[in-house]
Amino acid sequence: MNIILFGPPGAGKGTQAKYLVKKLNGYQISTGDILRDEIKKDTDIGKKIINNMNEGKFVSDQIVNSLLKTHIFDLNKKQKLIFDGYPRSLSQAKNLDSLLNDSNQKIDHIFFLNVNKETIVERIKKRKVLEKRSDDDLDTILKRYDTYIETTRPVLDHYSKNSNFHEIDGTMEIDEITSKIEAFLNV
Ligand code: AMP
């Protein structure tokens, strides 16, 4: 089963993705984690993206799409992909459609975790204390939220008419969100 977790930064996509990976024996495809890993390993890509990441700006589609492609064509991960943080723009959504088509796969469920701006700011402030992410200061949070509204939220139009699109109130407790997701998945 391939699943997209969609929503603003701080919506809880990563938390639910980790749960679903265990429950479904799947693979979390977090482009944020994949990119942070490039920085940690100080690769050529890592050196190119570090400034954009710290400032909360998007990394170029070319880089993100090429890193993603390896995972999509990995036969071990076929039909077991849990997308978290991708797609983030209409062009990424179209890229994903074509990669899935070329690898004979499809998206089974799309979950939109809908959370308001105030809740996000509170959650990310807490995450900064717990995880010390360099892109979690208030200015950067607000910039990332604006980018979400301008560039990422329009991706909803691409998916929202599908019968496998489900909107969930992302301000609920983690367990409640998980239960809602499980009900749609019948697991
Ligand atoms: P995340 O961990 O999903 O919050 O992502 C952290 C940062 O990684 C974002 O603020 C962007 O700088 C970068 N990033 C993650 N996913 C993408 C993506 N799909 N497209 C472009 N940049 C991304």
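Cut-offs applied
- Residues numbered from 1 in each chain as written.
- Predicted model: local features only at pLDDT ≥ 70, side-chain atom pairs only at ≥ 80, totals over all residues.
- Heavy atoms only, no water.
- Helix = DSSP H or I, 4+ residues; strand = E, 2+ residues; numbered from the N terminus.
- Rg over C-alpha atoms; globule rule 2.2 N^0.38 Å.
- Buried < 20%, exposed > 50% of the residue type's maximum accessible area, 1.4 Å probe, protein only.
- Contact = heavy atoms within 4.5 Å.
- Areas by Shrake-Rupley, 256 points an atom, 1.4 Å probe, with all protein chains shown as cover.
- Expected span 1.5 Å × (residues − 1).
- Arc of directions from axis to C-beta.
- Lys, Arg positive; Asp, Glu negative; His and termini not counted.
- Salt bridge = Lys/Arg side-chain N within 4 Å of Asp/Glu carboxyl O.
- Phe/Tyr/Trp six-rings, centres within 6.5 Å; stacked < 30°, edge-to-face > 60°.
- Near = heavy atom within 4 Å.
- Polar contact = N/O pair within 3.5 Å; in protein donor to acceptor, adjacent residues only side chain to side chain.
- Patch = residues over 30% accessible without salt bridge, like charges linked within 9 Å, V, L, I, M, F, W, Y side chains within 5 Å.
- Charge placed at Lys NZ, Arg CZ, Asp CG, Glu CD.
- Core = buried A, V, L, I, M, F, W, Y, C linked by side-chain atoms within 4.5 Å.

A. Layout of the overall build of the protein chain. The secondary structure content of the protein chain amounts to nine helices and five strands. For the protein chain, the sequential pattern of α-helices and β-strands runs β-α-β-α-α-α-β-α-β-α-α-α-β-α. In terms of overall size, the protein chain behaves like a compact globule, its C-alpha atoms giving a radius of gyration of 16 Å where 187 residues would be expected to give roughly 16 Å. Counting only C-alpha atoms and orienting by the principal axes, one finds that the protein chain spans roughly 40 × 35 × 30 Å. Counting over 187 residues, the protein chain shows a buried share of 45%. Restricting the contact set of the protein chain to residue pairs at least 6 apart, pairs at least 24 apart contribute 73%. With the model as given, the accessible surface of the protein chain reaches about 10,000 Å², and the carbon-plus-sulfur share is 49%.

B. Fine view of helix α1 (residues 13-24). Taking 1.5 Å per residue, twelve residues should reach 16 Å; α1 reaches 16 Å between its end C-alpha atoms and fits that length. Of all the residues in α1, the buried ones are Lys 13, Gln 16, Ala 17 and Leu 20. Down the axis of α1, the sector holding all buried residues measures 105°, keeping them to one side. At its buried positions, α1 is contacted by β1 (3-6), β2 (27-30), β3 (81-84), β4 (109-114) and α9 (174-185). In the segment just after α1, Asn 25 is the residue with positive phi, at about 60°.

C. Region of the structure containing the side chain of Asp 84. Tracing the backbone through its elements, the reader meets Asp 84 in strand β3. The side chain of Asp 84 sits in the buried core without any salt bridge; Lys 13 is the nearest counter-charge, 5.0 Å away.

D. Spatial organisation of the packing of aromatic side chains. On inspection of all chains with the given rule, the structure shows five aromatic pairs. With 6.0 Å between their ring centres and 65° between their planes, Phe 6 and Phe 112 make a pair best called edge-to-face. Of this pair, Phe 6 sits in strand β1 while Phe 112 sits in strand β4, and the two are 106 residues apart along the sequence. Per residue, the accessibility class of Phe 6 equals that of Phe 112, and both read buried. Joined through ring pairs, the aromatic side chains of Phe 6, Phe 112, Tyr 145, Tyr 148 and Phe 165 make up one cluster.

E. Spatial organisation of the site of the ligand. Surveying the vicinity of the ligand reveals 16 residues, the closest of which are Thr 31, Arg 36, Lys 57, Gln 92 and Arg 144. Contacts to the ligand include Val 59, whose backbone N or O atom sits 3.1 Å from a nitrogen atom. Within the side chain of Arg 133, a nitrogen or oxygen atom sits 3.2 Å from an oxygen atom of the ligand. Here the ligand, which alone exposes 480 Å², has 96% of that area covered by the protein. Ranked by the residues each element gives to the shell around the ligand, the list is headed by helix α2 (residues 31-40), at four residues.

F. Structural detail: a negative patch on the surface. A cluster of like negative charges, contributed by Glu 167, Asp 169, Glu 173, Asp 175 and Glu 176, occupies part of the molecular surface. At the level of elements, β5 (165-169) and α9 are the ones that each hand at least two residues to the negative patch.

G. The nonpolar core, seen in detail. Of all hydrophobic cores here, the largest spans 47 residues; its most connected members are Phe 83 and Leu 96. Looking at which element gives the most residues to this core, the answer is helix α4 (residues 61-72), with five residues. Filtering out sequence-adjacent residues up to four positions away, Leu 96 remains in contact with Ile 4, Leu 68, Ile 72, Phe 83, Tyr 86, Pro 87, Ile 107 and Tyr 159.

H. Focus on helix α3 (residues 44-54). Those residues of α3 that fall on the buried side of the exposure criterion are Gly 46, Ile 49 and Met 53. All buried residues of α3 lie within an arc of 85° about the axis, which places them on one face of the element. Facing away from the buried side of α3 by over 90 degrees, the exposed positions are Asp 44, Lys 47, Lys 48 and Asn 51. In the core, the buried residues of α3 are packed alongside α2 and α4. Looking one or two residues past α3, Gly 56 carries a phi angle of roughly 75°, positive in sign.

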